[in-house]
Amino acid sequence: MKKLIVIIIILLMIFVGMYIYRQNRIASNQSTEVSVDEINKIETYLQKIYMWKEITGDALPVFDNINNAPEVWLWEVVKKNLEEYELTYEQLQDKTKEIFGEDLQKEFPKEGYEYMEYNEETNTYYAIGSGLDNQEDVFLLDKIQKQDNGYTVQIIEYLEDYSEGYETTDTEYNIQIKNLNNETIGEVNSTESETNIQQFIKDNIDRFSKKEVNLKTDENGNIYVTSVRNIETENIVANEGE
């Protein structure tokens, strides 16, 4: 029993340490006007709209206006955030507005699309499963600047390749950390914490892609993405011989 209590305490200490590290790292790169609650809210929203490149082409595509965003990405974001997988057209439209706000003028396609089929008999739409690879698309908050009606957020993008884990029954294996060019920057052990992975990204920041995400807030404090652009980064190609 004492051993179990000690393990629980250690796990709690690790979790608290990861949380404090993340908040301190972000806070050190931004204006003090942005609170911890705002950081959490921004990260939660970005997680909602951050997708899988094997399905949408880019986990977070570049666009100058939400109405110019790729449609497959838009509808996959909607599908990802569904609480149910059989919906009416009105429910899909409501979810679209909930995530992207009133600025989005596009409507969900009434005929459905590749990953959301329309059933004429029931007049409902069914979500279809998507085939994902062993690489997890991940972003890390880097900087947040508060604007009059929203935020300008810089993120670092990378891939965590779990292929080795799928090929072994061992609980300990290496996770390859790659940039968006699918070039391996380094490896971390599966037993290492998220804090260690984030520190590795920070130590090799010039080898990873960055994006600037513009977010707006409404009178109720809801956050919506308005545009995304690439940030030029030097030395993004990994030199594996180094």
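Going by the structure above, here's the rest.
Along the protein, the regular secondary structure elements total seven helices and ten strands. A buried classification covers 42% of the 242 residues belonging to the protein. Here the contacts in the protein between residues at least 6 apart in sequence split such that 55% fall between residues at least 24 apart. For the protein, the computed accessible surface area is about 13700 Å², with 47% contributed by carbon and sulfur atoms.

Here we take up helix H4 (residues 71–80). For H4, the tally of buried residues reaches seven of ten residues, placing the bulk of the element in the interior. Taken as a whole, H4 has its buried residues at Trp 73, Leu 74, Trp 75, Glu 76, Val 77, Val 78 and Lys 79.

A word on helix H5 (residues 89–100). The first and last C-alpha atoms of H5 sit 16 Å apart over twelve residues, in line with the 16 Å expected at 1.5 Å per residue. Within H5, the full set of buried residues consists of Tyr 89, Leu 92, Gln 93, Lys 95, Thr 96, Ile 99 and Phe 100. Viewed along the axis of H5, the buried residues span an arc of 160°, placing them on a single side of the element. Among the exposed residues of H5, those oriented more than 90 degrees off its buried face are Glu 90 and Asp 94. Check the buried side of H5 and you find it contacts helix H2 (36–49), H4, strand E1 (86–87), strand E3 (116–119), strand E4 (124–127) and strand E10 (223–231). Where H5 ends, the next residue or the one after it, Gly 101, has phi of about 80°, a positive value.

The next thing to look at is a negative patch on the surface. Taken together, Glu 164, Glu 167, Asp 170, Glu 172 and Glu 187 make up a surface patch of like negative charges. Here Glu 164 is to be found in helix H6 (residues 163–166).

What follows concerns the sheet that holds strand E2 (residues 112–113). Pairing in this open sheet of four strands is antiparallel, and the strands run E1-E4-E3-E2 from one edge to the other. Each edge of the open sheet carries a strand with a single partner, namely E1 and E2.

Moving on, we come to the environment of Asp 133. Tracing the sequence through the fold places Asp 133 in the loop between E4 and strand E5 (135–147). The exposure class of Asp 133 is partly exposed, given its relative accessible area of 33%. Among all residues touching Asp 133, those that are not within four sequence positions of it are Lys 53 and Glu 54.

Here the focus is the packing of aromatic side chains. All chains considered together, the criterion is met by ten aromatic pairs. Where Trp 75 meets Phe 108, the ring centres are 5.2 Å apart and the plane angle is 65°; that geometry is what we call edge-to-face. Placement of the pair is Trp 75 in helix H4 and Phe 108 in the loop between H5 and E2, with a sequence separation of 33 residues. With a relative accessible area of 2%, Trp 75 lands in the buried category. With a centroid separation of 5.8 Å and an interplanar angle of 85°, the aromatic rings of Phe 108 and Tyr 125 are classed as edge-to-face. Placement of Phe 108 in the loop between H5 and E2 and of Tyr 125 in strand E4 is noted, with a sequence separation of 17 residues between them. Judged by its relative accessible area of 2%, Tyr 125 is buried. Following the ring pairs from residue to residue traces out a cluster consisting of Trp 75, Tyr 89, Phe 108, Tyr 113, Tyr 115, Tyr 118 and Tyr 125. Cation over ring: Lys 80 sits above Trp 52, and NZ or CZ is 5.5 Å from the ring centre.

Turning to the pairing of strand E7 (residues 174–178), a few remarks are in order. Here strand E6 (residues 150–161) runs beside E7; their pairing, made up of three bridges, is antiparallel. Residue pairing across strands places Glu 160 opposite Ile 177, the latter belonging to E7. Inspection of the sheet shows E7 paired to strand E8 (residues 184–189) by five bridges, in the antiparallel sense. Across the sheet, the residue bridging to Asn 174 is Asn 189, located in E8.

How each quantity is defined
Within each chain, residues carry numbers counting from 1 in the order of the written sequence. Only residues with pLDDT of 70 or above have their local features reported here, since the model is predicted, and side-chain atom pairs are shown and tallied only from 80 upward, although totals for entire chains, interfaces and linings are computed over all residues. As a rule here, side-chain values cover all heavy atoms of the structure and leave hydrogens and water aside. Secondary structure elements are defined from DSSP: runs of H or I of at least 4 residues count as helices, runs of E of at least 2 residues count as strands, and each element is numbered from the N terminus. For each residue, the accessible area found with a 1.4 Å probe, counting protein chains only, is set against the maximum for its type, and the residue is called buried under 20%, exposed over 50%, and partly exposed in between. Contacts are residue-level and defined by heavy atoms, with any inter-residue pair within 4.5 Å sufficient. Working definition of accessibility: Shrake-Rupley area with a 1.4 Å probe, residue cover restricted to the visible protein chains. To estimate how far a helix should reach, multiply one less than its number of residues by 1.5 Å. Summarising the geometry, the arc corresponds to the directions from the helix axis toward the C-beta atoms. For patch building, the residue pool is restricted to those with more than 30% relative accessible area and no salt bridge; the joining distance is 9 Å between like charges and 5 Å between nonpolar side chains (Val, Leu, Ile, Met, Phe, Trp, Tyr). A pair is scored as a salt bridge if a Lys or Arg side-chain nitrogen falls within 4 Å of a carboxyl oxygen belonging to Asp or Glu. Just so you know, the count uses Lys and Arg for positive and Asp and Glu for negative, and it drops His and the chain ends. By convention, the point assigned to a charge is CZ for Arg, NZ for Lys, CD for Glu and CG for Asp. Here, a strand pair is defined by DSSP locating no fewer than two bridges between the strands. Pairs were defined over the aromatic rings of Phe, Tyr and Trp, the Trp ring being its six-membered one, requiring ring centres within 6.5 Å. Orientation was assigned from the angle between planes: stacked under 30 degrees, edge-to-face over 60, tilted for the rest. Here, a charge over a ring means that NZ of Lys or CZ of Arg falls within 6 Å of the ring centre while also lying within 35 degrees of the ring normal.

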